[in-house]
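In case you want the letters, here they are:
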Amino acid sequence: MLPLPALAEGVDLEKASAPRVLGDPDAKLLITEYFSMTCPHCARFHVEVLPKLKEAYIDTGKIRLEMKDFPLDQWALRASAMARCLEGKRYFAMVDILMKKQEAWSRANDPYGALVKLGKLAGLSEKQVEDCMNDEKLIDYILNERLTASRDLGISATPSFMMNGRKLDGVFTFESFEEAISAAL
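Here the structure is a predicted model, which means the values were calculated and not measured.

Rules used throughout
- Residues numbered from 1 in each chain as written.
- Predicted model: local features only at pLDDT ≥ 70, side-chain atom pairs only at ≥ 80, totals over all residues.
- Heavy atoms only, no water.
- Helix = DSSP H or I, 4+ residues; strand = E, 2+ residues; numbered from the N terminus.
- Expected span 1.5 Å × (residues − 1).
- Bend = angle between axes of the 7 residues up to and from the residue.
- Buried < 20%, exposed > 50% of the residue type's maximum accessible area, 1.4 Å probe, protein only.
- 1 Å grid on protein atoms, 1.4 Å probe; cavity = no way out; pocket = protein on both sides within 12 Å on 5 of 7 lines; lining within 4 Å.
- Points joined across faces, edges and corners; volume = space filled by probe spheres on them.
- Nonpolar A, V, L, I, M, F, W, Y, C, P; charged D, E, K, R; others polar.
- Polar contact = N/O pair within 3.5 Å; in protein donor to acceptor, adjacent residues only side chain to side chain.
- Pairing = 2+ DSSP bridges.
- Axes fitted to C-alpha atoms, helices over the stretch in contact; angles between N-to-C directions.
- Parallel < 35°, antiparallel > 145°, perpendicular 65-115°, else oblique.
- Left-handed = near helix turned anticlockwise from the far one by under 90°.
- Contact = heavy atoms within 4.5 Å.
- Phe/Tyr/Trp six-rings, centres within 6.5 Å; stacked < 30°, edge-to-face > 60°.

### Quick look at helix H2 (residues 40-58)
And then number 1: A rise of 1.5 Å per residue sets the reference length of H2, with its 19 residues, at 27 Å; its end C-alpha atoms lie only 23 Å apart and thus fall more than 12% short of the reference.
And then number 2: The largest bend in H2 is about 45°, located at Val49, with the proline Pro51 one to four residues further on.
And then number 3: If you check which residues of H2 are buried, you get Cys42, Ala43, Phe45, His46, Val49, Leu50, Leu53, Tyr57 and Ile58.

### What about the layout of surface pockets?
And then number 1: In this structure, the largest pocket spans a volume of roughly 220 Å³.
And then number 2: In this structure, the largest pocket is lined by Leu22, His46, Leu50, Pro51, Lys54, Met67, Lys89, Phe92, Ala93, Val95 and Asp96.
And then number 3: When residues of the lining of the largest pocket are traced back to their parent elements, those giving at least two are H2 and helix H4 (88-100).
And then number 4: Here the lining of the largest pocket takes five residues from H4, the largest share from any one element.
And then number 5: The class makeup of the residues in the lining of the largest pocket is seven nonpolar, one polar and three charged.
And then number 6: Taken as a whole, the second largest pocket holds about 160 Å³ of empty space.
And then number 7: As for the second largest pocket, its lining consists of His41, Arg44, Phe45, Glu48, Val49, Lys52, Phe172, Thr173, Phe174 and Glu175.

### Digging into the environment of Arg151
And then number 1: Along the polypeptide, Arg151 turns up in helix H8 (residues 136-153).
And then number 2: In terms of polar contacts, Arg151 uses its side chain to reach the side chain of Asp152, at 2.9 Å.

### Looking at the sheet that holds strand S5 (residues 166-168)
And then number 1: Reading across the sheet, the five strands line up as S1-S3-S2-S4-S5 and stay open at both edges, with mixed pairing between neighbours. Across the chains shown, the open sheet's two edge strands, defined by having one partner strand only, are strand S1 (20-22) and S5. The sheet shows a mean angle of 25° between the axes of neighbouring strands, taken without regard to direction.
And then number 2: Sheet analysis places strand S4 (residues 160-163) next to S5, joined by three bridges and oriented antiparallel. The residue of S5 that forms the bridge with Met162 is Lys167.

### What to know about the packing of helix H3 (residues 74-84) against helix H6 (residues 111-121)
And then number 1: Axis separation between H3 and H6 bottoms out at 11 Å; the angle between their running directions is 20°. As summarised for this structure, H3 and H6 are arranged roughly parallel, according to the angle between their axes. Here the hand of the crossing between H3 and H6 comes out right-handed. On H6, the residues touching Trp75, Arg78, Ala79 and Met82 of H3 are Pro111, Tyr112, Leu115 and Gly119.

### Observations regarding the packing of aromatic side chains
And then number 1: Counting across every chain of the model gives five aromatic pairs.
And then number 2: A ring pair is formed by Phe161 and Phe177, whose centres lie 4.9 Å apart and whose planes are at 90°; its orientation type is edge-to-face. Linking Phe161 in strand S4 with Phe177 in helix H9 (residues 174-184), this pair joins segments that are 16 residues apart in sequence. Across the pair, exposure class does not vary: Phe161 and Phe177 are buried alike.

Structure (structure tokens):
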């Protein structure tokens, strides 16, 4: 079992706010995704498109993907905070689970309890999940990142994508990503 992040006395903000990037750091193209954990269009991207992008472009070193939180509601914010308390592959695995099971946890009678159960699957205790979801500095970090993306980049909806700093419009299918990536490469 992987060691757990140190959360007993709070969240390590430096680790929790570190960039979340898939792929070769030297890849020519950087795609930045702005997503909300409760956005059904984001879930569709993560379940249907991202695995194909990963196989064709991320795992082959052609692109890297940075995931940025853009929570649209309170539960998206709390889920993002919980996921950010996990590092490396565990973070991406948690995002994958949250997206695949989005409808179940986000529409549950008790979203908090549903998130705790998912956090426990990742090896977090209920206290660690609670610490993550309620850490003021982490919540402020996520909200400030959202505000900056909105103000400086014009991000207003999820999912939104940037490629090497240029906003991509209407890109949601694997084929449309393929087209944009081919043009850029």
